[in-house]
Amino acid sequence: MQKLLRIAIQTKGRLNEGSVRLMEEAGISLIIGRRNLVSPAKNFPVEVLYLRDDDIPQTVAYGASDVGIVGENEVMERKENVRIVKRLGFSKCRLSLAIPQQLEYHGISWFNGKKIATSYPGILGNWLKSNGIDAEIHIIKGSVEISPGIGLADAIFDIVSSGSTLVSNRLKEVEMVVASEAVLIANENLPAEKLAVLEDLIFRLESVQRAEGKKYILLNAPNEKIAEISSVLPGMKSPTVMPLAIPGWSSIHSVISENDFWEVIGKLKRAGAEGILVIPIEKMIL
Ligand code: PRT
Ligand code: ZN
């Protein structure tokens, strides 16, 4: 019997939705019963273990779970023996230092002799050390942003995403220390059968990620314009060109990236393309 690969994901919180969505996009349907600690997948040899995000790196390091989806910030902070196998591109944030808005900031030496509140003493300690700053770290769990306001610390080191929490606490971000996103981590000593399932999982995730921001485009063009239009539409190898029922015309199909979408559409219209259709792509296998 094939060995099940156990994947730890967050039970609830900012990583949960992205983790579940990623599994679904990879064609792994979870038997929903979030109250259960472990839930098998219907159609892929994996089972999902629901945990608090803080516990995921250690659970993977000790092998109680084979892989896990967690914020890179937790991996960096906990320094457990795990391998980052894939960056997943969601739950993006940064870990930054912030000080009260009204104070003048003149560079990192500002922090010398100051007290900084944080839930990430490991990452902050390393940063202070490598920058030769002598500051006191005050470890606090939750609501770090209120510490300067209540006189508990001079500054904070915390996760920032939109920055609105800082603003509403009259703080300003002065140094970004690290960027973070959700990552897939794995135990260092997975047996071959589990590695094979992990490779299949990574292949599926990559196919989904590759399709993100890509569109399938179809258009009609007079045959003499095919060369010019093809040069605007590189496609995966080259565009597909098929004759239309009307002589002298063809249908051209290709893949374009969302980033240069409007620029490409403009060029195609100028080159004589008509009846342009743009369709989302779910997965791309190269
Ligand atoms: O219950 P459990 O322990 O599992 O969850 P948790 O409460 O510890 O973590 P959770 O769900 O809040 O966050 C999980 C992970 O999401 C973090 O470890 C980060 O990797 C990532 N992430 C992404 C964030 C944010 N964005 C984020 N904005 N984690 C926290 N925040 C908080 C931040 O602490 C601050 O209070 O949001 C506030 C700042 O947000 P902005 O948008 O106002 O700047
Ligand atoms: Zn947590």
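One can find the structure itself at the top, above this paragraph.
Reading the values: the criteria
- Along each chain, the written sequence defines residue order, and numbers are assigned to residues from 1.
- Each chain gets a letter, beginning with A, and each ligand a number, beginning with 1, in the order they are written.
- Totals for whole chains, interfaces and linings use all residues, but because this is a predicted model, local features are given only for residues with pLDDT of at least 70 and pairs of side-chain atoms are given and counted only at 80 or more.
- Excluded from the side-chain calculation are hydrogens and water; included are all heavy atoms of the structure.
- Here a strand is any run of E in DSSP of at least two residues, a helix any run of H or I of at least four, and the numbering for each starts at the N terminus.
- All radius of gyration figures rest on C-alpha atoms, and the globule criterion is 2.2 Å times the number of residues raised to 0.38.
- Type-normalised accessible area, obtained with a 1.4 Å probe on protein chains alone, sets the label of each residue: buried when under 20%, exposed when over 50%, and partly exposed for intermediate values.
- It only takes one pair of heavy atoms within 4.5 Å for two residues to be counted as in contact.
- Whether two aromatic rings pair depends on their centres lying within 6.5 Å, for rings of Phe, Tyr and Trp, where Trp uses its six-membered ring; planes under 30 degrees apart make the pair stacked, over 60 edge-to-face, and the rest tilted.
- For a Lys NZ or an Arg CZ to count as sitting over a ring, it must be within 6 Å of the ring centre and within 35 degrees of the ring normal.
- For each residue, the test is whether any non-hydrogen atom lies within 4 Å of the molecule or strand; if one does, the residue is near.
- Under the rule applied, a polar contact is a pair of N or O atoms within 3.5 Å (in protein, one hydrogen donor and one hydrogen acceptor; residues adjacent in sequence only if both atoms are side-chain atoms).
- Method for areas: the Shrake-Rupley scheme with a 1.4 Å probe, in which residue coverage is limited to the protein chains shown.
- Points on a 1 Å grid, built from protein atoms alone, make a cavity when a 1.4 Å probe fits but cannot get out and make a pocket when they are open with protein on both sides within 12 Å along at least 5 of 7 lines; residues with an atom within 4 Å of a point are the lining residues.
- Cavities and pockets are treated as containing a molecule whenever more than half of the molecule's atoms lie within 2 Å of their grid points.

Caption draft 1: A look at the overall build of the protein. Counting its regular elements, the protein contains eight helices and 15 strands. By the compact-globule yardstick of 19 Å for 286 residues, the protein is too spread out, its C-alpha radius of gyration being 25 Å. On the principal axes, the C-alpha backbone points of the protein span a range of 80 × 60 × 30 Å. Scored against the burial criterion, the 286 residues of the protein give a buried share of 45%. When contacts within the protein are restricted to residue pairs at least 6 apart in sequence, those whose partners lie at least 24 apart make up 68%.

Caption draft 2: Main features of the packing of aromatic side chains. For the structure on display, the rule yields four aromatic pairs. With a centroid separation of 5.0 Å and an interplanar angle of 75 degrees, the aromatic rings of Trp110 and Phe111 are classed as edge-to-face. The residues Trp110 and Phe111 share a single accessibility class, namely buried. What links up through ring pairs into an aromatic cluster is the set Tyr105, Trp110 and Phe111. Taking the ring centre of Trp110 as reference, the NZ or CZ of Lys114 above it sits at 4.3 Å.

Caption draft 3: The arrangement of the site of ligand 1 in detail. Close to ligand 1 lie 21 residues, the nearest being Arg52, Asp54, Asn73, Ser162 and Thr165. Between ligand 1 and Asp54 there is a distance of 2.7 Å, counted from an oxygen atom to a side-chain nitrogen or oxygen. For ligand 1, whose unbound accessible area comes to 840 Å², protein coverage reaches 79%. More than half of the atoms of ligand 1 fall within 2 Å of the grid points belonging to the largest pocket. Contributing elements (two or more residues each) for the shell around ligand 1: strand E9 (155-160) and helix H5 (164-168). If you tally residues by element for the shell around ligand 1, the top one is E9, at three residues.

By themselves, these figures tell us nothing about what the structure is for.
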